[in-house]
Every structure is written in structure tokens, then in C-alpha cells.
Amino acid sequence: MTASPLAGPLLRAENLTMRFGGITAVKQVALTVNPGEIVGLIGPNGAGKTTCFNMLTGFYTPTEGRVFFRGTDITSHKPHAIARLGLIRSFQKTNVMKRLTVFENVLTGHYMAGRQSLLATFFPGATVRRAEREARESASAIVETMGLSRRMNAPASLLSCGELRLLEVAVALAAKPTLLMLDEPAAGLNSHEAGVFGETLKTLVGTAVQSLLIVEHNMELVMGVCDRIVVLNFGQMLAEGEPRAILSNPKVAEAYLGKAAA
Ligand code: ATP
């Protein structure tokens, strides 16, 4: 039975399991993301976070388990079909073209997401002009949302690391996600930049996106922005809860530090 898209969690994964030959990278993971939530997926290197992202977004078909997005079973959907439903992800590798300006990058993100119809491309006229105008308005609004208005016409190659990370999110937003999944979006940021980045992410929920799911190693950022955190270790769920509970969980400390917490 298909649940109403209006009720229940936005994303629900049950019993997610991924085996590569003899290696079990992810085992029986259950994950939900509710509307309005920022959920963090954390764990030490090799814990299975990216493998989970790949299963949730159709890049891998889980060996076992199912994934539901807005009540629809998307387990065996192709990545582009999942993206069209509004589940958009970023990758660890940057999606930014360094020679293009900030604005052009976001506009490109809009077209890459196939927001303009092919028909309109081949039969130009009023429809195309309207689509073009809407795309530009949308791109400029996204640039503003991400706090990059001042850098609108700067080539991406001139951006600071903090600005670049914000632009990467802006490009992902151009695809108009309902749920945006970010894989290490704050990589390389210093504490100040991570603070600005985190505050910007928080403003997106309920405005630009319904919810965020974040894989991130920067604990200050994760603890500062997430409503709920799921911890993986050796492919399995180790803990789940609010940031404060996760911070004080001795099993989590042990997984990260490799020894029992005092
Ligand atoms: P990191 O924080 O370092 O990015 P992660 O938590 O994202 O790590 P994964 O990249 O999901 O971890 O890897 C989980 C485990 O699965 C690792 O042991 C990894 O070597 C293994 N793995 C991932 N992808 C493959 C693959 N395509 N073939 C074989 N093993 C894989």
C-alpha cells in the first residue's frame, strides 16, 4: 500500500543492507527524515555513510531493505527518477565550475536538473523567454538565500573556501529539492566559516527545502545544526538521538576515540 505523500516521514529506509562480495558495508540500517528536520548521519571513516547515501539515491541497489520517499517505494528507481521526485544529493566532489561566475553556476544547476522543457528549447519563443526569465530569477534568489549576492558575478575560482561550500549547496538547490542530502558539505572549512555555513543551512529548512540529511565529519557543525543524529559504526547503527544525547553517549565516544569513555 502506498502511504499518502502528505503524511509521515519524508524519507524512510528500513533494513538497508549493502554487501560488496564478502564485505558487508552497511547492515540493517533504519533511517527516517521527517518534514522540517535536519538529520545528521555520522560515523568514523569507513562506517558506511556514503554507501547509505548511494542506496538512498539510487546509485546502489540495496542488497536488502527498502527506501520510501514521500510514501513511494523508490528502492529500485534510477538516480535521475529519484532526483525528479525531489530527493537531491550533493557529492563529496565539487559540482562547481571554476571558470563560471557564481550566478552562472547556479543557473547551470537549474538547466542540468532539466527544469527547462526540451520542447521549449527547440521551439523558442515566448515560452522560452518566460522560462529563461524564471530561471534567472530563481538563480538570483538562491544566490541571495546562500548569502552570496555580493559575489554574484565573481568567477568561482576567486571564492574563498567558505564561499565555495555555500555555492555548492546553491547549485544543488537549483534542482529544487524537497529533501537535500549533503555529503561532507563543510569539508575544509575553518571554525568561523563552518559557523556561517551552519547558520545558512538552518535558514534553508522550511523555505528552500523541507528537510536536510547531512553526512559530515565536522562535529561542531553537526551538533550545532542537526535536530537528530544517526551514528553508524562498521556499517551498523550504533546510536540515534538528539545532539546532546549523542555527545554524551559512551558508545559513540568509544567508536570515535577507539577507547571507552571515562
Ligand atoms: P568516509 O567517512 O571515509 O567517507 P564512509 O562512512 O562514507 O567513509 P563508505 O565509503 O560508505 O564509508 O564505506 C563503507 C565500507 O564499504 C568501507 O569498508 C569501504 O571500503 C567499503 N566499500 C564502499 N564502497 C565499496 C565498493 N564499491 N566495493 C567494495 N567495498 C566498498
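Everything numeric in this text was worked out from a predicted model, so none of it was measured.

Novice: Hey, could you run me through unusual backbone geometry in this one?
Specialist: Of all residues except glycine, most have a negative phi; of all peptide bonds, most are trans. For Asn15, which is not glycine, the phi torsion reads 55 degrees and is therefore positive. Its identity as a non-glycine residue notwithstanding, Glu184 has a phi of 50 degrees, on the positive side. Relative to the elements of secondary structure, Glu184 occurs in the loop between β7 (179-183) and α7 (191-204). Judged by relative accessible area, which is 22%, Glu184 ranks as partly exposed.

Novice: Is there a simple way to explain the sheet that holds strand β2 (residues 23-33) in this structure?
Specialist: The pairing of strands in a sheet happens through backbone hydrogen bonds and is either parallel or antiparallel. The four strands are arranged β2-β1-β4-β5 in an open sheet whose pairing can be described as antiparallel. With one partner strand each, in any of the chains shown, β2 and β5 (72-73) form the two edges of the open sheet. Pairing of strand β1 (residues 11-20) with β2 involves seven bridges; the strand directions are antiparallel. Each residue of the ladder has a partner; that of Met18, found in β2, is Val26. Of the strands in this sheet, β1, β2 and β4 (64-69) touch helix α1 (residues 49-56), which is tilted by about 115 degrees from β1.

Novice: What should I look at first to understand the environment of Leu56 in this one?
Specialist: Assignment of secondary structure puts Leu56 in helix α1. The exposure class of Leu56 is buried, given its relative accessible area of 0%. Counting along the chain gives 15 residues from Leu56 to Leu41, while the straight-line C-alpha distance between them is 12 Å.

Novice: Just checking my understanding: could you explain helix α6 (residues 161-173) for this structure?
Specialist: Since the α-helix turns once every 3.6 residues, residues separated by three or four places project in the same direction. Helix length check: α6 (13 residues) gives 19 Å between terminal C-alpha atoms against 18 Å at 1.5 Å per residue, within 8%. The element α6 is extensively covered by neighbouring structure, given that twelve of its 13 residues are classed as buried. Listed in full, the buried residues belonging to α6 are Gly162, Glu163, Leu164, Arg165, Leu166, Leu167, Glu168, Val169, Ala170, Val171, Ala172 and Leu173. Of the surrounding secondary structure, the elements contacted by the buried residues of α6 are β6 (87-89), α3 (102-112), α5 (126-145), β7 and α7.

Novice: I would appreciate a short explanation of the confidence of the model for the protein in the present structure.
Specialist: Regions with low pLDDT carry predicted coordinates that are not meant to be interpreted in detail. Within the protein, residue pLDDT values average 90, and 92% of them lie at 70 or more. Counting interchain partners and residues more than four positions distant, the pLDDT-below-50 stretch residues 1-5 has four contacts.

Novice: What's the story with the packing of α6 against α7 in this structure? I'm lost.
Specialist: Each pair of packed helices can be described by the angle between their axes along with the distance between the axes. Between α6 and α7, whose axes approach to 9 Å, the crossing angle comes to 20 degrees. Considered as vectors, α6 and α7 are oriented roughly parallel to each other. Crossing of α6 over α7 shows right-handed handedness. On α7, the residues touching Cys161, Gly162, Arg165, Leu166, Val169 and Leu173 of α6 are Glu193, Phe197, Thr200, Leu201 and Leu204. Split into classes, the residues belonging to the contact of α6 with α7 amount to seven nonpolar, two polar and two charged.

Novice: I keep staring at the layout of surface pockets and nothing clicks. Help me out?
Specialist: Remark: the empty space left among the atoms is shown by a probe the size of a water molecule rolled over them. Each pocket or cavity is described by its volume, and for the largest pocket that value is around 640 Å³. If you list the elements that add at least two residues to the lining of the largest pocket, you get α2 (79-84), β6, α3 and α6. Broken down by element, the lining of the largest pocket gets its largest block of residues, five residues, from α2. Broken down by class, the residue content of the lining of the largest pocket amounts to 14 nonpolar, eight polar and three charged. Reported here for the second largest pocket is a volume of approximately 170 Å³. Every residue lining the second largest pocket is counted, 13 residues in all, and those nearest its centre are Ser160, Gly162, Glu163, Leu166 and Val196. For the lining of the second largest pocket, the secondary structure elements donating two or more residues are α6 and α7. With four residues, α7 is the largest single contributor of residues to the lining of the second largest pocket. Of the residues that constitute the lining of the second largest pocket, the class distribution is five nonpolar, four polar and four charged.

Rules used throughout
Residues numbered from 1 in each chain as written. Predicted model: local features only at pLDDT ≥ 70, side-chain atom pairs only at ≥ 80, totals over all residues. Heavy atoms only, no water. Helix = DSSP H or I, 4+ residues; strand = E, 2+ residues; numbered from the N terminus. Buried < 20%, exposed > 50% of the residue type's maximum accessible area, 1.4 Å probe, protein only. Pairing = 2+ DSSP bridges. Contact = heavy atoms within 4.5 Å. Axes fitted to C-alpha atoms, helices over the stretch in contact; angles between N-to-C directions. Expected span 1.5 Å × (residues − 1). pLDDT = per-residue confidence, 0-100. Parallel < 35°, antiparallel > 145°, perpendicular 65-115°, else oblique. Left-handed = near helix turned anticlockwise from the far one by under 90°. Nonpolar A, V, L, I, M, F, W, Y, C, P; charged D, E, K, R; others polar. 1 Å grid on protein atoms, 1.4 Å probe; cavity = no way out; pocket = protein on both sides within 12 Å on 5 of 7 lines; lining within 4 Å. Points joined across faces, edges and corners; volume = space filled by probe spheres on them.

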